[in-house]
Amino acid sequence: MVSKIGFGGSCHWCTEAIFLSLKGVTAVKQGWIASDGQNSTFSEAVIVEFDLNTISLQTLIAVHLHTHSCTVNHSMRAKYRSAVYTFNQTQATIAQKAIEALQPEFESVIITKVIPFKRFRLNSDNYLNYYYNNPDKPFCHNIVNPKLRVLLARFSNEADVGKLIHL
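Residues numbered from 1 in each chain as written. Predicted model: local features only at pLDDT ≥ 70, side-chain atom pairs only at ≥ 80, totals over all residues. Heavy atoms only, no water.

(A) Broad picture of the pattern of salt bridges. By the definition in use, this model includes four salt bridges. In this structure, Lys118 engages Asp36 in a salt bridge whose closest nitrogen and oxygen atoms are separated by 3.9 Å. With Lys118 in the loop between strand 5 (113-116) and strand 6 (119-122) and Asp36 in the loop between strand 2 (25-34) and strand 3 (43-51), the pair connects residues that are 82 residues apart, well separated along the chain. For Lys118, a relative accessible area of 43% translates into the label partly exposed. Residue Asp36 is classed as partly exposed on the basis of its relative accessible area, which comes to 36%. (Salt bridge = Lys/Arg side-chain N within 4 Å of Asp/Glu carboxyl O. Helix = DSSP H or I, 4+ residues; strand = E, 2+ residues; numbered from the N terminus. Buried < 20%, exposed > 50% of the residue type's maximum accessible area, 1.4 Å probe, protein only.)

(B) Local environment of the side chain of Asp51. By secondary structure assignment, the location of Asp51 is in strand 3. As a buried residue without a salt bridge, Asp51 has its nearest oppositely charged side chain in Lys23, at a separation of 13 Å. Within the structure, the side chain of Asp51 is placed 2.8 Å from the backbone nitrogen of Asn53, a separation counted as a polar contact. Setting aside residues up to four positions removed in sequence, Asp51 forms contacts with Met1, Val2, Gly24 and Thr26. (Lys, Arg positive; Asp, Glu negative; His and termini not counted. Polar contact = N/O pair within 3.5 Å; in protein donor to acceptor, adjacent residues only side chain to side chain. Contact = heavy atoms within 4.5 Å.)

(C) Just the nonpolar core, in detail. Residues Phe7, Phe19, Val48, Leu60, Ile61 and Leu151 are the most contacted members of the largest nonpolar core, which totals 40 residues. Discounting residues that sit within four places of it in the chain, Leu60 has contacts with Ile5, Phe7, Phe19, Leu22, Val25, Phe50 and Ile55. If you look at the next biggest cluster of nonpolar residues, it comprises seven residues, including Ile33, Ala45, Ile47 and Ile115. (Core = buried A, V, L, I, M, F, W, Y, C linked by side-chain atoms within 4.5 Å.)

Set out below in structure tokens:
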């Protein structure tokens, strides 16, 4: 069964590369997501389509929290909102419980919000699949690769190792 969820927290190029590197992820749309209320402005994010028979929502949330600064409320949070964007109340409940269950793995309080998905803007074609189209760019070496190494070290069973062989 294919489902979808949104994630934001760091550069969408990084987030896209991380989720494209997981078994069970069937597609990643990279761009900007807006919610409602105080989160109604667009923030860099991705929509992840995934096979629930291969990877769980809880695992995706764990990957997300461990691969971005989910405990840091830095000055760029408006651009890089730390969030799980849900498409229904069931997802919201699962996401909130997953974050609470993961809190002991972090020294500081997780600031990631569980908020409803409202709107999405896809990035320009030349920036889609950025990491896998540009693996030799300095940004990919310096910023994305360290996050993918965390993915390999912490989530080796879920990682598509064939995609990450060059690390």
